[in-house]
Amino acid sequence: MSIGQENRQDAEQNTHQGTGQDTRHDNDLSLSQFDGGEATTPALKASLEEISAFLISDFPQISCTVLAIGVNSATIRYPVDTSSLRPGGTVSGPVMMAAADVALYVALLAQIGIVPLAVTTNLNISFLRKPSAGKDLIVKVELLKVGRRLAMGEVRIYSEGHDDLVAHATGTYAIP
């Protein structure tokens, strides 16, 4: 199975999808937390619905769709239209950076709750291949560490329907 297929499958089966179904993956379980000898899933502090409503009310300029959230993870769809393109018919770097930043924010909010003043302190991105001009970006995040004051995550960006990674980013957020 390719990475893109795995990512699409993960997006379809992640912890919260707005359907009320619990479709956790085994890797969403925290083995450091035990309940009578069995692993338990840490509770998320904000739901997919709460995060989506917050983005609509406080960041209306960002028109992404939160597809899934999970323990230390999130998947979003970031729309691509003609305003997102640069000469040559490819998605511009600033658009991909914005998509990475928003996805990190979504993953973090799921973990710590709606904390509007959590801010980006660092964002590094590598552009790997030309994304499709007519396809939305699918952005998957894994938070590597969430501390009291800082959180760090890894971001993988794909063109919808394609298996090849178009960009890879890492970012750090300051938590107030």
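Note that the coordinates shown come from a computational prediction; the quantities given were computed from them, not determined experimentally.

**Description of the overall build of the chain**
No. 1: Scanning the chain from N- to C-terminus turns up 3 helices and 10 strands.
No. 2: Start at the N end of the chain and walk to the C end: the helices and strands fall as α-β-β-α-β-β-β-β-α-β-β-β-β.

**Some thoughts on the sheet that holds strand E8 (residues 137-146)**
No. 1: Taken together, 6 strands build an open sheet; the order of strands is E3-E4-E8-E9-E10-E7 and the sheet is antiparallel. Because the sheet does not close on itself, it has two edges, and the strands there are strand E3 (65-70) and strand E7 (119-127). Across this sheet, the average inter-strand angle for adjacent strands is 20°, counted without regard to direction.
No. 2: Pairing geometry for E3 and strand E4 (residues 73-78), over 5 bridges, is antiparallel. Bridge pairing links valine 66 to isoleucine 76 in E4.
No. 3: Across the sheet, helix H3 (residues 93-112) lies against E3, E4, E7, E8, strand E9 (150-159) and strand E10 (165-174), angled at about 50° from E8, the strand it touches most.

**Concerning the nonpolar core**
No. 1: Membership of the largest hydrophobic core comes to 43 residues, with the highest contact counts inside it found for Ile51, Ile76, Tyr78, Val106, Leu137 and Ile157.
No. 2: For this core, the secondary structure elements donating two or more residues are helix H2 (48-58), E3, E4, H3, E7, E8, E9 and E10.
No. 3: Once residues within four sequence positions are removed from consideration, valine 106 is found in contact with Ile51, Leu55, Val66, Ile69, Ala74 and Ile76.

**Some details on H2**
Note on helix geometry: an α-helix contains 3.6 residues per turn, so any two residues three or four positions apart are oriented the same way.
No. 1: Buried within H2 we find Leu48, Ile51, Phe54 and Leu55. Along H2, the residues classed as buried sweep out an arc of 130° about the axis, all on the same side. Relative to its buried face, H2 has exposed residues pointing more than 90 degrees away, namely Ile56 and Ser57.
No. 2: Looking at the buried positions of H2, the neighbouring elements they touch are E3 and H3.

**Structural notes on unusual backbone geometry**
No. 1: A positive phi is found at asparagine 72, a non-glycine position, where the angle reads about 60°.
No. 2: Structurally, asparagine 72 is set in the loop between E3 and E4.
No. 3: Under the relative-accessibility criterion, asparagine 72 is labelled partly exposed at 27%.

**Topic: the packing of H2 against H3**
Packed helix pairs are specified by the crossing angle of their axes together with the interaxial distance, meaning the distance between the axes.
No. 1: One can describe the packing of H2 onto H3 by two numbers: an axis separation of 10 Å at closest approach and a directional angle of 130°. On the basis of their axis angle, the class for H2 and H3 is oblique. Once H2 is placed against H3, the crossing between them reads as right-handed. From H2, Ile51, Phe54 and Leu55 reach across to H3, where they touch Tyr105, Val106, Leu109 and Ala110.
No. 2: In the contact of H2 with H3, the residues fall into 7 nonpolar, no polar and no charged.

**Quick notes on the layout of surface pockets**
No. 1: Taken as a whole, the second largest pocket encloses approximately 160 Å³ of empty space.
No. 2: Considering the residues around the second largest pocket, the lining is formed by Leu55, Phe59, Gln61, Ile62, Asp101, Val102, Tyr105, Pro116, Ala118, Val119, Thr120 and Tyr173.
No. 3: For the lining of the second largest pocket, the secondary-structure elements that each account for two or more residues are H3 and E7.
No. 4: Of all the elements, H3 adds the most residues to the lining of the second largest pocket, at 3 residues.
No. 5: Its residues assigned to classes, the lining of the second largest pocket comprises 9 nonpolar, 2 polar and 1 charged.

What counts, and at which threshold
Residues numbered from 1 in each chain as written. Predicted model: local features only at pLDDT ≥ 70, side-chain atom pairs only at ≥ 80, totals over all residues. Heavy atoms only, no water. Helix = DSSP H or I, 4+ residues; strand = E, 2+ residues; numbered from the N terminus. Pairing = 2+ DSSP bridges. Axes fitted to C-alpha atoms, helices over the stretch in contact; angles between N-to-C directions. Contact = heavy atoms within 4.5 Å. Core = buried A, V, L, I, M, F, W, Y, C linked by side-chain atoms within 4.5 Å. Buried < 20%, exposed > 50% of the residue type's maximum accessible area, 1.4 Å probe, protein only. Arc of directions from axis to C-beta. Parallel < 35°, antiparallel > 145°, perpendicular 65-115°, else oblique. Left-handed = near helix turned anticlockwise from the far one by under 90°. Nonpolar A, V, L, I, M, F, W, Y, C, P; charged D, E, K, R; others polar. 1 Å grid on protein atoms, 1.4 Å probe; cavity = no way out; pocket = protein on both sides within 12 Å on 5 of 7 lines; lining within 4 Å. Points joined across faces, edges and corners; volume = space filled by probe spheres on them.

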